[in-house]
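# Tertiary structure, described
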Amino acid sequence: MTETPSPHVIDADTLSGGLKPIRQVILSLGSNLGDREANLQGAVDALRDTPDVVVVDVSPVYETEPIGGPDESGPYLNIVLLADTTLAVETLLDRAHAVEQAFGRERSVPGAPRTLDVDLITYGKKEISTDELTVPHPRAHERAFVLAPWLDIESDAVLPGVGPVAELLAKVGSDGVKRLDDLTIELQ
């Protein structure tokens, strides 16, 4: 993963005239309530419409069993997005939470079924640890539902500070992670 300029992201601050760094980010999206496919498509559209965010690629759709949570939790649909952004990491996280909320996400019970979950997996090559955010995502290296779709869109992907995604996926295995080639989330 590199921090390469994208011709689609405005890298100049219109107020100061200074340049803003363009970062490549990986976002993991999942849904196991309501119209799961429509929730994912709507979230991709909302993120694509975000100023200073350019969604470059979207993975195939995977179906996975929920990890933890109540017994009545149904299976998730999961995808991974590759995007370029000049947004500050806090702003990008706020936007991810706003998109979740727009699709009815409630944060009342950890592991509860959800209409939409948007996780920031990487933010360029940066490693960040605050009360609000840890990047790279602290459990991404052990989640096949993140690693398998990520590998589909970036075969040489590396999780910063951890290692190559292909090796991480081989280590955790892909049991319970099923690619659904009959479903497609579009970059419209």
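Before reading on, note that the structure itself is shown above.
Residues numbered from 1 in each chain as written. Predicted model: local features only at pLDDT ≥ 70, side-chain atom pairs only at ≥ 80, totals over all residues. Heavy atoms only, no water.

## What to know about the overall build of the protein chain
Counting secondary structure elements, the protein chain contains four helices and 10 strands. When its helices and strands are written in sequence order, the protein chain yields β-α-β-β-β-α-β-β-β-α-β-β-α-β. Relative to its 188 residues, the protein chain shows a buried fraction of 48%. Of the roughly 9,400 Å² of accessible surface on the protein chain, 49% is carried by carbon and sulfur atoms. (Helix = DSSP H or I, 4+ residues; strand = E, 2+ residues; numbered from the N terminus. Buried < 20%, exposed > 50% of the residue type's maximum accessible area, 1.4 Å probe, protein only. Areas by Shrake-Rupley, 256 points an atom, 1.4 Å probe, with all protein chains shown as cover.)

## Points about the packing of helix α3 (residues 144–153) against helix α4 (residues 165–172)
It is at 9 Å that the axes of α3 and α4 come closest, and there the two elements cross at 140 degrees. In terms of orientation, α3 and α4 fall into the oblique class. Considering how the two elements wind past one another, α3 and α4 form a crossing that is left-handed. For the pair α3 and α4, the contacting residues are A144, L147, A148, W150 and L151 in the first and V165, A166, L168, L169 and V172 in the second. Considering only residue class, the contact of α3 with α4 consists of 10 nonpolar, no polar and no charged. (Axes fitted to C-alpha atoms, helices over the stretch in contact; angles between N-to-C directions. Parallel < 35°, antiparallel > 145°, perpendicular 65-115°, else oblique. Left-handed = near helix turned anticlockwise from the far one by under 90°. Contact = heavy atoms within 4.5 Å. Nonpolar A, V, L, I, M, F, W, Y, C, P; charged D, E, K, R; others polar.)

## What about the pattern of salt bridges?
This model, assessed by the stated rule, comprises eight salt bridges. The partner of D117 in a salt bridge is R114, with the nearest N and O atoms 3.5 Å apart. Linking D181 and R179 is a salt bridge whose minimum nitrogen-to-oxygen distance equals 2.6 Å. Taking relative accessible area as the criterion, D181 reaches 57% and is therefore assigned exposed. (Salt bridge = Lys/Arg side-chain N within 4 Å of Asp/Glu carboxyl O.)

## Here we look at the nonpolar core
L29, I79, L81 and L120 are the most contacted members of the largest nonpolar core, which has 32 residues in total. Those elements that provide at least two residues to this core are β1 (23–31), α1 (36–48), β2 (53–58), β4 (76–85), α2 (89–102) and β5 (117–123). Residues contacting L29, with those up to four places away along its chain left out, are L40, A43, V44, L47, L77, N78, I79, L81, D117 and V118. (Core = buried A, V, L, I, M, F, W, Y, C linked by side-chain atoms within 4.5 Å.)

## Regarding the environment of T50
As for its placement among the helices and strands, T50 is situated in the loop between α1 and β2. Measuring from C-alpha to C-alpha, the distance between T50 and R95 comes to 8.0 Å, with 45 residues separating the pair along the chain. A polar contact is formed between the side chain of T50 and the side chain of R95, at a distance of 2.7 Å. (Polar contact = N/O pair within 3.5 Å; in protein donor to acceptor, adjacent residues only side chain to side chain.)

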